[in-house]
Amino acid sequence: MDDRDLEGELRDLSAWLDTPEAPDVTARVRARLAAPRRQRWRAYAAAALAALLVAVLPPTRNAVADAVGGLLRFAGVSIAPSSGLPAGTPSPLPSQRTSALDGARRAVRFPIRVPARLGPPEQVLVADPDATGAHRVATLLYRGGALRIDAFDGRLNLSFHKETVRPDAEWVQVNGDFAVWVGSPHVLSYVDRDGQVRQETFRLAASTLIWQMDGVSYRLEGDLTKLEAIEIATSMT
């Protein structure tokens, strides 16, 4: 069917349709134009904000964004504009200690997966135990510590806070689910159990991939491309 045939059929079809008369919008438009400038500006700003939220948010209940404050929360990590570079030597996470992999799996309340593309970690750390001794974070270290995977339960509260110099966080996918990729160095700090950002842990972090799997949140950090990071994440077993 060419365009002329389609146009003819649509014209014939219009005769069978009950088309309502167009509403008189003149009075409505005049009333809006007569409204105070501030009121119109607020309406435009609200519309722009709604459009922005629709554009940046994936269809998942694990993400919350505040477009006004530039804050994104996803998988137990908050991402915000940077307030400056960290100074001094950062302290380790609270009560951090070295552990064997099997011991780390017993020390946390969530499964710890290992990426097949990297193999067994060179070192394992656990940190921030609660009153029962269950640790909140487990870290797998590779390449002399230059590449790390933090595993934590990020469903209920925040565990890490990132500050980026520019808004370069983007949505990607890991195993068909949404993830966040931050492709440039950024400030990273730990959020304690009371929800307070622990400034003594501020450090400059490398490119990072953030995702969730079976209720566990992960952040992979290192000198990696986006594709390399996604390949490592998808190999977690």
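The model shown is predicted, which means the values in this text are computed figures rather than measured ones.

Q: So what exactly am I meant to see when it comes to the pairing of strand β11 (residues 186–191) here?
A: In regular strands, side chains alternate between the two faces of the sheet. When you tally the buried positions in β11, you get six out of six residues, the bulk of the element. Sheet analysis places β11 next to strand β12 (residues 197–205), joined by five bridges and oriented antiparallel. From the neighbouring strand, Leu 188 faces β12, where its bridge partner is Arg 203.

Q: Would you take a moment to explain the sheet that holds strand β10 (residues 177–182) for this structure?
A: In a beta sheet, neighbouring strands are held together by backbone hydrogen bonds and run either parallel or antiparallel to one another. What the eight strands build is an open sheet, ordered β4-β5-β6-β7-β14-β13-β10-β9; its pairing is antiparallel. For this open sheet the edge positions go to β4 (97–99) and β9 (169–174), each flanked by a neighbour on one side alone. Between one strand axis and the next, the sheet turns by 25° as a mean value, whatever way the strands run. Relative to strand β14 (residues 216–221), strand β7 (residues 147–152) runs antiparallel, the two sharing five bridges. Bridge pairing in β14 links Ile 149 to Leu 220. Across the sheet, helix α5 (residues 226–234) is in contact with β7, β9, β10, β13 (208–213) and β14; its angle to β9 comes to roughly 40°.

Q: Just to check I follow, could you spell out the confidence of the model for the protein for this structure?
A: In low-pLDDT regions, the fine details of the predicted coordinates are not to be read closely. Averaged over every residue, the pLDDT of the protein is 76; the share at 70 or more is 62%. In this model residues 43–56 is a low-confidence stretch, pLDDT under 50, and it forms six contacts with partners more than four residues away in sequence or in other chains.

The rules behind these values
Counting of residues starts from 1 at the beginning of each chain's written sequence and follows it residue by residue. The model is predicted, so local features are restricted to residues of pLDDT at least 70 and side-chain atom pairs to those at 80 or more, both for listing and for counting; the totals for chains, interfaces and linings are taken over all residues. Side-chain measures here rest on the full set of heavy atoms in the structure, leaving out hydrogens and waters. Partly exposed residues are those whose accessible area sits between 20% and 50% of the maximum for their type, while under 20% is buried and over 50% is exposed, using a 1.4 Å probe and protein chains only. Secondary structure elements are defined from DSSP: runs of H or I of at least 4 residues count as helices, runs of E of at least 2 residues count as strands, and each element is numbered from the N terminus. Any two strands with at least two DSSP-identified bridges between them are counted as paired. The axes used here are C-alpha line fits, helices contributing only the stretch in contact, and every angle between their N-to-C directions lies in the interval 0 to 180 degrees. Should any heavy atoms of two residues lie within 4.5 Å, those residues are considered in contact. For every residue, the predictor assigns a confidence score, pLDDT, that lies between 0 and 100.

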